[in-house]
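The lines below spell out each chain.
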Amino acid sequence: MPGLEPLPRRSVVDEAVDAMRARILHGHWAPGAAVPTEKELTEALGVSRSTVREALNRLASSGLIEIPHGGTKRVLDWRDHAGIEVLADLLVDPDGQLN
């Protein structure tokens with residue numbers, strides 16, 4: 001149909017990553033603070049524990065949190081640890097408005 005384009009397909013993990021990344025980048029989860037537990041995140045986001053784990057692993061890979069073996073997950077200061085991939089999230093607020 002002219003004028004219409006396919007909608008992007010997003011996984012639940014992508015949505016969870018975006019929600020948690022926004023909390024970090026917009027200061028709701030401060031550097032050094034403990035990340036909520038997997039159980040708390042599962043309940044808050046309404047997703048499975050495996051979805052939360054994958055999302056947390058992606059956040060760790062992007063330098064936004066640390067996941068020590070057997071320890072408490074902590075928020076890292078994105079200014080020191082994150083890469084350029086967070087730039088788009090910093091330019092657009094959680095409501096979709098340009099900053």
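Whatever comes next refers back to the structure up there.
Since the model is a prediction, treat every value here as computed from it, not as a measurement.

### Quick notes on the side chain of Thr51
Next up, step 1: Note that Thr51 resides in helix H3 (residues 49-61).
Next up, step 2: The residues contacting Thr51, other than those within four sequence positions of it, are Val12, Val13 and Ala16.

### Examining the nonpolar core
Next up, step 1: With 18 residues, the main nonpolar core has Met20, Ile24, Trp29, Val35, Leu41, Leu56 and Leu59 as its most contacted residues.
Next up, step 2: Listed by contribution, the elements that provide at least two residues to this core are helix H1 (12-25) and H3.
Next up, step 3: Sorting elements by how many residues they give to this core places H1 first, with six residues.
Next up, step 4: Dropping the residues within four chain positions of it, Met20 is found in contact with Trp29, Leu41, Leu45, Ala55, Leu56 and Leu59.

### Digging into helix H2 (residues 38-45)
Next up, step 1: Among all positions in H2, only Glu38, Leu41 and Thr42 are buried. Down the axis of H2, the buried side of the element spans an arc of 100°, and every buried residue falls inside it. Along H2, the residues that are exposed and aim more than 90 degrees away from the buried face are Lys39, Glu43 and Ala44.
Next up, step 2: Looking at the buried positions of H2, the neighbouring elements they touch are H1 and H3.
Next up, step 3: Two residues or fewer after H2 comes Gly46, characterised by a positive phi angle close to 70°.

Cut-off values and rules
Residues numbered from 1 in each chain as written. Predicted model: local features only at pLDDT ≥ 70, side-chain atom pairs only at ≥ 80, totals over all residues. Heavy atoms only, no water. Helix = DSSP H or I, 4+ residues; strand = E, 2+ residues; numbered from the N terminus. Contact = heavy atoms within 4.5 Å. Core = buried A, V, L, I, M, F, W, Y, C linked by side-chain atoms within 4.5 Å. Buried < 20%, exposed > 50% of the residue type's maximum accessible area, 1.4 Å probe, protein only. Arc of directions from axis to C-beta.

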